[in-house]
Amino acid sequence: MQLSNQYKQVQTQINSALSQACRKPEEITLIAVSKTYPVSAIREVYQLGQLDFGENKPQEIRDKSPELPEDIRWHMIGHLQSNKIKYVVGKCELIHSVDSIRLMQQIDDYAFRNYLQAKILLQVDIAKDGNKQGLLEKELPEALEICENLKATSVHGLMTIAPFVTDAEQNRWIFRKLRQISVDIQGKNYHNVSMDILSMGMSNDFEIALQEGATHIRIGTAIFGNRKYN
Ligand SMILES: *Cc1c(COP(=O)(O)O)cnc(C)c1O
């Protein structure tokens, strides 16, 4: 009951942000970030028509997915250690959080050896708030050249995590910058690289991200409520 109200509230906010920005709902994908939440909560949101869910730990995808409908599309959005690649490749729709060249190559090797295909985004550290989450902008040219030679992996766009701020306007420059970088990359026509996806915006700032061109927004708290960590 409460979940369905929160979910509908988020959809209403998305739709009004989109219409203000003269964008169409078909252009964007809402990812319901279900990390730390049980299968029962995911099922409730699934029953409202939500198919895309995000997790930041591979083990959660491994543990939850067998108990849930098969048409759920899982999105890996958290830092991925190389020994957990096997829980993600072939199981996820999209890996948003490829934050190093080495990880990209390891994903590709695993996919290739197992006759699988991986769809990835490059995570870029725009905010540089000290968490070092993602590739730096200056590392992208080298990464993109390597992308051209991947065997079983395709690159579909960019992702960033903006810091938590009290006024979401403070993150606008981050989203604008990521968009600009993606436009620049698109113009260079790298083989095996498309820039169709911009994964940016969370509960706190998705409206600004939508105004700045986000195609995939990752929303946890606003749908599921505050997370409890042990
Ligand atoms: C947890 C998380 C989210 C969702 O954050 P909320 O503020 O709860 O909406 C989005 N993206 C990533 C990478 C996350 O880890």
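Scroll up a little and you will see the structure.
Residues numbered from 1 in each chain as written. Predicted model: local features only at pLDDT ≥ 70, side-chain atom pairs only at ≥ 80, totals over all residues. Heavy atoms only, no water.

Regarding the pattern of salt bridges
Point 1. One pass over the structure, following the stated rule, counts 12 salt bridges.
Point 2. Between Arg-23 and Glu-27 there is a salt bridge, with the nearest N and O atoms lying 3.1 Å from each other.
Point 3. For the salt bridge of Arg-172 with Glu-212, the shortest nitrogen-to-oxygen distance reads 2.7 Å. Highlighted residues: Arg-172 in helix α6 (residues 172–187) and Glu-212 in the loop between α7 (206–211) and β8 (216–219), separated in sequence by 40 residues. For the pair Arg-172 and Glu-212, one class covers both residues: buried.
Point 4. Residues joined in a network through salt bridges with shared partners are Glu-169, Arg-172, Arg-176 and Glu-212. (Salt bridge = Lys/Arg side-chain N within 4 Å of Asp/Glu carboxyl O. Helix = DSSP H or I, 4+ residues; strand = E, 2+ residues; numbered from the N terminus. Buried < 20%, exposed > 50% of the residue type's maximum accessible area, 1.4 Å probe, protein only.)

With respect to the site of the ligand
Point 1. All residues adjacent to the ligand are Val-33, Lys-35, Ile-77, Ile-161, Met-202, Ser-203, Arg-218, Ile-219, Gly-220, Thr-221 and Arg-227.
Point 2. Here an oxygen atom of the ligand sits 2.8 Å away from a polar atom, N or O, in the main chain of Gly-220.
Point 3. Within the contact set of the ligand, an oxygen atom lies 2.5 Å away from a side-chain nitrogen or oxygen of Thr-221.
Point 4. When atom positions are compared with the pocket grids, the ligand is found to occupy the largest pocket. (Near = heavy atom within 4 Å. Polar contact = N/O pair within 3.5 Å; in protein donor to acceptor, adjacent residues only side chain to side chain. 1 Å grid on protein atoms, 1.4 Å probe; cavity = no way out; pocket = protein on both sides within 12 Å on 5 of 7 lines; lining within 4 Å. Sits in = over half its atoms within 2 Å of the grid points.)

As for the packing of aromatic side chains
Point 1. Inspection of every chain in the model, using the stated rule, returns two aromatic pairs.
Point 2. Ring centres of Tyr-37 and Phe-224 lie 5.2 Å apart, and the angle between their planes is 25 degrees; this geometry places the pair in the stacked category. Of this pair, Tyr-37 sits in the loop between β1 (29–33) and α2 (39–46) while Phe-224 is found in helix α8 (residues 221–224), placing the two residues 187 residues apart along the sequence.
Point 3. Assessed through its relative accessible area of 14%, Tyr-37 is described here as buried.
Point 4. Seen from their ring centres, Phe-53 and Trp-74 are 6.2 Å apart, and the 45 degrees between their planes marks the pair as tilted. Taken together, the residues span a long stretch of sequence, with Phe-53 in strand β2 (residues 52–55) and Trp-74 in strand β3 (residues 73–76) at a distance of 21 residues.
Point 5. Using a relative accessible area of 0% as the deciding quantity, one classes Phe-53 as buried.
Point 6. Between Arg-62 and the ring centre of Tyr-87, over which it is positioned, the NZ or CZ distance is 4.8 Å.
Point 7. Directly above the aromatic system of Phe-112 lies the positively charged group of Lys-151, at a separation of 5.1 Å from the ring centroid. (Phe/Tyr/Trp six-rings, centres within 6.5 Å; stacked < 30°, edge-to-face > 60°. Lys NZ or Arg CZ within 6 Å of the ring centre and 35° of its normal.)

Digging into helix α1 (residues 2–20)
Point 1. Relative to the 27 Å expected for 19 residues at 1.5 Å per residue, α1 spans 27 Å between its end C-alpha atoms, a close match to the ideal helical length.
Point 2. Within α1 the residues assigned to the buried category are Leu-3, Ser-4, Tyr-7, Val-10, Ile-14, Ala-17 and Leu-18. Looking straight down α1, one finds that the buried residues subtend no more than 155 degrees of arc, so they occupy a single side. The outward face of α1, more than 90 degrees from its buried face, is lined by the exposed residues Gln-2, Thr-12, Ser-19 and Gln-20.
Point 3. On its buried face, α1 sits against β1, α2, α7, β8 and α8. (Expected span 1.5 Å × (residues − 1). Arc of directions from axis to C-beta. Contact = heavy atoms within 4.5 Å.)

Let's talk about the environment of Ile-28
Point 1. Relative to the helices and strands, Ile-28 is located in the loop between α1 and β1.
Point 2. Measuring from C-alpha to C-alpha, the distance between Ile-28 and Gly-213 comes to 9.3 Å, with 185 residues separating the pair along the chain.
Point 3. Once residues within four sequence positions are removed from consideration, Ile-28 is found in contact with Ile-14, Leu-18, Arg-23, Leu-210, Ala-214, Thr-215 and Ile-217.

Looking at the side chain of Arg-172
Point 1. With a relative accessible area of 17%, Arg-172 lands in the buried category.
Point 2. Leaving out residues up to four positions away in the same chain, Arg-172 has contacts with Ile-208, Gln-211 and Glu-212.

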